[in-house]
Structures are given as C-alpha cells and as structure tokens.
Amino acid sequence: MKEPIIAVSSWALHEELGKPAFYGAADAQIPIETHNKGELSLLELPAALKARGIRTMEVCHFHLPSRDKNYLEALREKLDISGVTLHALLIDDGDLTSPQTGPHDLEWIHDWLPVASRLGAQKARVIAGKTKGEGCLSTAALMLRLLSRYADALKVQLTTENWFPLLETPASVKRLLLDTQERVQLNLDFGNWSGPDKYDRLAAIAPLATSCHAKADFADSGEIYADDFISCLDLPYPDDFRGPFTLVAGGWSGIESARDVILQRFNDE
C-alpha cells in the first residue's frame, strides 16, 4: 500500500469541542446553547489539525452549530486557509428503512446534502437504514439511489458503512452495494462489528471499501489496544487503497497513538 492518508473525525475530539448535544431527524432546532463550550471550536479545528500534520478531516453533522450560509462559508474558508480537505460530512441520523419515519428521514438527509456541497466535502456518509426486515434492503437501495442522484448533481459522492442491524453481515453489505448500482461507496468501520468472527466478516467487505473509519479502542490508561487495531489494518483492502483511515476516538493523545500505529504498520511493508 502507498503511504496512507490519515484523517480525523470531529467525533474523535467531541470532548475538546465541548460535547455539543446531538440533534437529529426528529429535532426541530439545533441546540445552539451547547456549542462553543470547549477548548476548541469547530472553526478552529482545521488549523489545529494542520498544526499536527493532519490535512484531512470529517465532520459530524451535529457538530455544526449552524447551517446558515455565512457559517458554512466561514468553515470552508478555514479549511481552505489551513489546506485541510473535508473528506466527508457524516450525516449521523435518519432511518431510511423505518415504516414510520422513513419518508421524513429521507427528506431530512436530502436537506443535508447541500450542506456537504457548500462545505466542499468530497463525500456525504449516510446511514443506509436502522430497521432490519423483509424488503428493507430493497427499500434502502431505492432511497440511496434517489439520494445519490441529488448528491451527484451537487458533486458530492454518497457513501454508507457497515452500521446498524440492516448492514450487520457481509452479505447484506454486498447486496446493498449491488442494488444501488455502484452509485454508493462503502466506508468500512473497524468498530461497528464485533464477536469472534469480526475479522473474517470485515475481511469479506474490505475489498469493496473506498474509505475507512479506523476506530481504535483504548485502555483506561490511554494505551491503544494495538493488536485489534493492527488486525483491522491488515484486512484485504483494494490494491490501490490509501484510505483515508479516519481516526474517530481518543482525543489528541489517542489520535497520535493511532496515527503512529498506522504509519509504522505501513512503513514496515
């Protein structure tokens, strides 16, 4: 593998951002009062990453204190000035397969795609669905195809990941990607699957991945559980895969630890 691209998700620095409250598809208002309470604001994050040699990031939708045009343009300017690429806007709610809320959630996710475009994000990562059952995979594929057409018009690539019961097996992931007619890419997440067959299951979908959430676990002492992390780094990714490997946990110290493991692993090849 060529030298990997290492990115950081805003979720890895949720505490440093002041732990702003989550808001999702069922919320009418952004809880603005919970934002800008930490040692770092979202507008300051690109420069903070650049100072640590990281030039790619992802942003969770609920870390945005505003969807106002002026705020989004200000954040994009901070990214541009810092030379930091916004790989993805992570749209972290919505259930396209819910019989009750599916149509509403489709519209809610749809309305986030222009936000991704205005921020200059390369991708928008959406949840394929949370509900598992008869016909749910077909429903998810249809909804994702609809969203992808809009995303394409905005020059944003739609992506999803192995998350929630709908995509809890390699077979369901493969079926969904096939049924979306290659309009949706796969972000592989280390930490969303567990159990004794975790690595075998992840290995079955790794060749389909175009990006990765490199989710590390840490001991109370802050030490990274390197064996698990390296096992996930050793999955059979595509030959030209470079990531990004997006770090999603651990704060600044965890980011440094995980980055060191990734760089050492691939420099040893």
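Residues numbered from 1 in each chain as written. Predicted model: local features only at pLDDT ≥ 70, side-chain atom pairs only at ≥ 80, totals over all residues. Heavy atoms only, no water.

Colleague: Explain the sheet that holds strand β8 (residues 245-247) to me, using residue names and the numbers behind them.
Modeller: The eight strands are arranged β1-β2-β3-β4-β5-β6-β7-β8 in a closed barrel whose pairing can be described as parallel. Averaged over neighbouring strand pairs, the angle between their axes works out to 30 degrees when direction is ignored. Strands β1 (6-9) and β8 of the sheet are contacted by helix α8 (residues 251-267), whose axis makes an angle of about 160 degrees with β8. (Pairing = 2+ DSSP bridges. Helix = DSSP H or I, 4+ residues; strand = E, 2+ residues; numbered from the N terminus. Axes fitted to C-alpha atoms, helices over the stretch in contact; angles between N-to-C directions. Contact = heavy atoms within 4.5 Å.)

Colleague: Could you give an account of the pattern of salt bridges, with specific residues and numbers?
Modeller: Opposite charge on two side chains permits pairing when their charged atoms draw close. In the structure shown here, the tally under the stated rule is 12 salt bridges. Note that R183 is salt-bridged to D152, the shortest N-O span being 2.8 Å. Of this pair, R183 sits in the loop between α5 (170-179) and β6 (185-189) while D152 is found in helix α4 (residues 136-153), placing the two residues 31 residues apart along the sequence. You can call D152 partly exposed: its relative accessible area is 38%. For the salt bridge of R259 with E256, the shortest nitrogen-to-oxygen distance reads 3.0 Å. Here the residue R259 and the residue E256 both occupy positions in helix α8, the gap between them amounting to three residues, near one helical turn. Take R259: its relative accessible area is 15%, and that puts it in the buried class. A relative accessible area of 27% places E256 in the partly exposed class. (Salt bridge = Lys/Arg side-chain N within 4 Å of Asp/Glu carboxyl O. Buried < 20%, exposed > 50% of the residue type's maximum accessible area, 1.4 Å probe, protein only.)

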